[in-house]
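If you want the building blocks of each chain, they are given just below.
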Amino acid sequence: MGIGIVVTSGKGGVGKTTTSANLGTALALMDQKVCMVDTDIGLRNLDVVMGLENRIIYDLVDVTEGSCRLQQALIKDKRFENLSLLPAAQTKDKTAVTPEQIEKIVTELKRDFDYVIIDCPAGIEQGFRNAVAGADQAIVVTTPEKAAVRDADRIIGLLEREKVGMPKLVINRVRSHMMKNGDMLDVEDVLDLLAIDLLGVVPDDEHVIKSANQGEPVVMNHEARASIAYRNIARRLLGEAVPLMKLEEKQGVFSRMRKFFGLK
Amino acid sequence: MTTVKSKVTIKGTKDGLVFLMDDTCSFDDLVADLREKIEHSHQQILSGPLIRVSVKLGKRYCTPEQQELLTQIIRQRGNLVIHLIESDVITREEAIAERLKSRFSVRVNTVRSGQVLDFDGDLLLLGDVNPGGIVRCTGNIYVMGHLRGYAHAGITGNRDVIIAAAVMNPTQLRIADIVSKPGEEWANSFGGTEFAYLENDTMLVAKMNYLPRIRPELGECKLGD
């Protein structure tokens, strides 16, 4: 029996889908059987980020309506045989499915997969309730911005009432130099306010945008700093104790020399 | 014939009549005796100008329906006005509700954004109040944590209450109908253990060690409140 993990945030645009895609891929790279479920009906993105858009035949709503079997709707990622995606419908909206239906699908998927990663839509309405319904655990994604942290706090409050219990936190798009200058909320500030366990810190990395546009999750790029962060998150989920990576960007010879001469 | 103890004793006081109801007989016997007295035997006393009546039930619990029945019987006399019906006993639920109301409640949780904690009486919160979280109380609020959200003490209008926090950093504070936010009267808040109170309709925030001078009565035990 696998584990259902919902990736949620409250606020939009903080990187739920990116986190889902990369976490799913990273787990698959570690020989786990993973199925990603996109519950953002009407605004599906996960298939685009994974580069699987053109292979969609059936979707989540087709399964709930009984137009196809669950197995038919699953897209197998050819790059990793362990990875599948259940895409959302683009033509309907969140009310097209009920939490009970999602719960049933996730329960069914948990029989065949080790991890079912559920990508949650932004907001706290029906879409959120749908996504949370089948989950055993939750990951809350936030960026070090006041508005995002406020919404994450709200979401944590709502999750406490569900069976998923205390969620784990991913702080996304961290810019170390801004944190150091005090222009951005500190990791400590965020943790102090939200008071939940930290699963990982992902640095702001241009590779993420580039790879998302190419339909290849950044985890596949072994150089990118965000890639290492996501792989560390996956390892922590599997129970390994991985220390947090250093956030400072690597300094070149020149900047180190300049620092040596006291030029900053 | 043996003398049967009267089930209903009527006494006159300066505030009107007091009906003392026997609390050991059955309710039906009580009703029968009350009817007898009202309708037949006590005609003279029970007529004349308007009289206030207090009904004392003793240690008998009467449901609202039973009380209504007693009221109806007494009301047959146009000049009798029921002032109050009093019983020495209350139901378990009422007792619990009463206890919750007057007592001091302790809560252990974090009040997160969008959550509301509403209480009757005083509240001791062991946890933080995050921005966007709301704590509201009829009495005092004591937060053993970081108060970053919104706290409203004395929501029913009590202006003598305080809001205390281990770390005082609120978005907004309200005591009774006075609203205040940091940067107004208490800009010098340093985020330590402080409490907010009202003085001449103005909210002030002081360090905790001033509390004995400003609200010494808080330390006194409140019984039967």
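These numbers come from a predicted model, not from an experiment.

**A few points about the nonpolar core**
Alright, step 1. Counting residues in each nonpolar core, the largest one holds 78 residues, and the members touching the most others are A:Val6, A:Val34, A:Val116, A:Ile117, A:Ile118 and A:Tyr230.
Alright, step 2. Sequence-distant contacts of A:Ile118, defined by excluding residues within four places in its chain, comprise A:Gly4, A:Ile5, A:Val6, A:Val7, A:Val37, A:Thr39, A:Val106, A:Ala131, A:Gly134 and A:Ala135.
Alright, step 3. If you look at the next biggest cluster of nonpolar residues, it comprises 28 residues, including B:Val161, B:Ala164, B:Leu173 and B:Met203.

**Notes on the interface of chain B and chain A**
Alright, step 1. Contacts between the two partners involve 9 residues from chain B, matched on the other side by 7 residues from chain A.
Alright, step 2. Counted by class, the side of chain B that touches chain A contains 1 nonpolar, 6 polar and 2 charged residues.

**Thoughts on the sheet that holds strand β11 (residues 163-168) of chain B**
Residues and elements named next belong to chain B.
Alright, step 1. Taken in spatial order, the 6 strands make up an open sheet running β5-β7-β9-β11-β14-β15, and their pairing is mixed. For this open sheet the edge positions go to β5 (104-107) and β15 (202-207), each flanked by a neighbour on one side alone. Between one strand axis and the next, the sheet turns by 25° as a mean value, whatever way the strands run.

**Here's the deal with the confidence of the model for chain B**
Alright, step 1. Of all residues in chain B, 88% attain a pLDDT of 70 or more, and the chain-wide mean is 84.
Alright, step 2. For this predicted complex, the interface confidence reaches an ipTM of 0.77, while the overall pTM sits at 0.73.

**Description of the domain arrangement of chain B**
Reports often express the size of an interface as the amount of accessible area lost when the parts come together.
Alright, step 1. When cut into domains, chain B gives domain 1 (8-86) and domain 2 (96-219).
Alright, step 2. Measuring from the centre of the C-alpha atoms in domain 1 of chain B to the corresponding centre in domain 2 of chain B gives 47 Å.

**Some details on the environment of A:Thr18**
All names here are of chain A.
Alright, step 1. With respect to the secondary-structure elements, threonine 18 resides in helix α1 (residues 16-29).
Alright, step 2. Classification of threonine 18 as buried rests on a count of 26 C-beta atoms within 10 Å.
Alright, step 3. Once the C-alpha coordinates of threonine 18 and isoleucine 117 are considered, the two residues, 99 residues apart in sequence, prove to be 12 Å apart.
Alright, step 4. The contacts of threonine 18, once residues within four sequence positions are left out, are Val49, Val208 and Ala212.

**Digging into the pairing of strand β7 (residues 122-125) of chain B**
All names here are of chain B.
Alright, step 1. Direction of pairing for β5 relative to β7: parallel, over a ladder of 4 bridges. Bridging from a neighbouring strand, arginine 107 pairs with leucine 125 of β7.
Alright, step 2. Note: β7 against strand β9 (residues 141-147), 3 bridges, orientation parallel. The residue of β9 that forms the bridge with leucine 125 is valine 143.

**Focus on unusual backbone geometry**
Alright, step 1. With phi around 55°, A:Ala195 is a residue other than glycine that occupies positive phi space.
Alright, step 2. Note on placement: A:Ala195 falls in the loop between α9 (187-194) and β8 (197-203).
Alright, step 3. Since 17 C-beta atoms lie within 10 Å of it, A:Ala195 is described here as partly exposed.
Alright, step 4. A positive phi is found at B:Ala176, a non-glycine position, where the angle reads about 50°.
Alright, step 5. Turning to its location among the elements, B:Ala176 is positioned in the loop between β12 (172-175) and β13 (178-180).

What counts, and where the lines are drawn
Residues numbered from 1 in each chain as written. Chains lettered and ligands numbered in written order. Predicted model: local features only at pLDDT ≥ 70, side-chain atom pairs only at ≥ 80, totals over all residues. Core = buried A, V, L, I, M, F, W, Y, C linked by C-beta atoms within 7 Å. Buried ≥ 20, exposed ≤ 12 C-beta atoms within 10 Å, placed from the backbone. Contact = placed C-beta atoms within 7 Å. Nonpolar A, V, L, I, M, F, W, Y, C, P; charged D, E, K, R; others polar. Pairing = 2+ DSSP bridges. Helix = DSSP H or I, 4+ residues; strand = E, 2+ residues; numbered from the N terminus. Axes fitted to C-alpha atoms, helices over the stretch in contact; angles between N-to-C directions. pLDDT = per-residue confidence, 0-100. Domains from an automatic or database assignment.

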